[in-house]
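Working through the structure, step by step
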Amino acid sequence: MASKQKANVKGSQKTNQNVISKNKGSSGLVNTKKLNPENSVNPDSSNSDNLNTGISEENSKKVANALNQVLADEFVLYTKTLNFHWNIEGRDFHALHLFLDDQYNQLQLIIDSVAERVRKVGHFATGSMKEFLDSASLNEHSGAACVSENMIAELAADHDELIRKTRTLIDDFDEKYNDAGSADFITGIMKEHEKMAWMLRASGPQQMGK
Ligand SMILES: [Fe+2]
């Protein structure tokens with residue numbers, strides 16, 4: 001998968017890399033209980049003792065925990081988008097199949113950038129499906145595929161949830177944890193989800209059937 005995706009990503013990479021480079025350093029997320037930095041995922045996984053960046057160990061750990069929770073949600077949404085890419089049916093199949101291909105490639109880039117942001121703040125990124133599922137707030141889509149209208153609506157709603165969560169992290173990272181770089185990063189991630197949610201709604205079956 002890696003090499004094909006890398007090839008595919010190149011086309012859409014500009015978009016994502018623009019976001020990521022415009023917001024260098026960003027990652028971001030959440031505000032619910034699960035995504036509360038205080039409740040985190042890998043609290044003790046750290047090599048931040050060697051960093052001297054002006055951010056306290058305690059704060060960098062909270063930022064990393066919040067980022068790992070975002071990472072978990074991104075992975076759930078990535079998997080769901082792949083699921084729908086594979087299983088979507090109907091007269092709009094071809095257009096939606098290709099459209100969702102582009103969307104999951106964009107999510108793959110986001111996932112990579114969030115994980116690497118965790119490393120940049122001195123901690124280890126979550127890397128197992130079990131940990132992702134344990135900490136994600138988004139729900140998987142199990143069982144039979146639903147109709148295309150519902151698939152698109154479900155994906156758009158998940159992007160909206162990530163937009164809300166990342167928006168709350170902007171101020172947390174900047175004001176509570178003194179990490180302007182991560183605040184900037186998470187702003188970029190929020191903007192990516194805003195764009196993807198817009199494209200989902202604009203490209204849904206109803207629009208295509210017009
Ligand atoms: Fe495919």
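A few points about the overall build of the protein chain
The helix and strand inventory of the protein chain stands at seven helices and zero strands. Listing every helix and strand of the protein chain by position from the N terminus yields α-α-α-α-α-α-α. Evaluated residue by residue, the protein chain yields a buried proportion of 44% over its 210 residues. Counted over contacts in the protein chain with a minimum sequence separation of 6, partners at least 24 positions apart contribute 85%.

Here we look at the environment of glutamate 149
Within the secondary structure, glutamate 149 sits in helix α5 (residues 148-176). Residue class for glutamate 149 comes out partly exposed when judged on the 14 C-beta atoms lying within 10 Å of it. Expressed as a C-alpha distance, the spacing of glutamate 149 and glycine 204, which sit 55 residues apart in the sequence, is 6.7 Å.

What to know about the confidence of the model for the protein chain
Taken over all residues, the pLDDT of the protein chain has a mean of 81, while the share at 70 or more is 72%. By mean pLDDT, helix α1 (residues 2-22) is the weakest element of the protein chain at 41, and helix α6 (residues 180-203) is the strongest at 97. Within the model, the stretch residues 1-35 combines pLDDT values under 50 with 89 contacts to residues more than four positions away or in other chains. Of the regions scoring below 50 in pLDDT, residues 37-43 engages in 23 contacts with residues more than four places distant in sequence or in other chains.

Some details on the nonpolar core
By size, the foremost hydrophobic cluster in this structure holds 40 residues, and its most contacted members are Leu67, Leu71, Val114 and Ile186. Within the residue set of this core, elements represented by two or more residues are α2 (57-87), α3 (93-120), α5 and α6. The dominant element in this core, judged by the number of residues it contributes, is α2, at 11 residues.

Side note on the packing of α5 against α6
In the contact formed by α5 and α6, the axes pass within 8 Å of each other and the chain directions differ by 160 degrees. Between α5 and α6, the interaxial angle falls into the category roughly antiparallel. As α5 runs across α6, the sense of the crossing is left-handed. Here the contact of α5 with α6 is built from residues that sort into 16 nonpolar, five polar and five charged.

Here we look at the environment of serine 182
Summarising the element assignment, serine 182 is placed in helix α6. Residue classification places serine 182 among the buried positions, given that 30 C-beta atoms sit within 10 Å. C-alpha separation for the pair serine 182 and valine 63, spaced 119 residues apart in sequence, amounts to 7.7 Å.

Looking at the packing of α2 against α5
It is at 11 Å that the axes of α2 and α5 come closest, and there the two elements cross at 170 degrees. What the angle tells us is that α2 and α5 run roughly antiparallel. The two elements α2 and α5 meet at a crossing, and its hand is left-handed. Residues Val63, Ala66, Val70, Asp73, Leu77, Lys80, Thr81 and Phe84 of α2 form the contact with α5, whose own contacting residues are Met151, Leu155, Asp158, Leu162, Thr166, Leu169, Asp172 and Phe173. Counted by class, the contact of α2 with α5 contains 10 nonpolar, two polar and four charged residues.

How each quantity is defined
Residues numbered from 1 in each chain as written. Predicted model: local features only at pLDDT ≥ 70, side-chain atom pairs only at ≥ 80, totals over all residues. Helix = DSSP H or I, 4+ residues; strand = E, 2+ residues; numbered from the N terminus. Buried ≥ 20, exposed ≤ 12 C-beta atoms within 10 Å, placed from the backbone. Contact = placed C-beta atoms within 7 Å. pLDDT = per-residue confidence, 0-100. Core = buried A, V, L, I, M, F, W, Y, C linked by C-beta atoms within 7 Å. Axes fitted to C-alpha atoms, helices over the stretch in contact; angles between N-to-C directions. Parallel < 35°, antiparallel > 145°, perpendicular 65-115°, else oblique. Left-handed = near helix turned anticlockwise from the far one by under 90°. Nonpolar A, V, L, I, M, F, W, Y, C, P; charged D, E, K, R; others polar.

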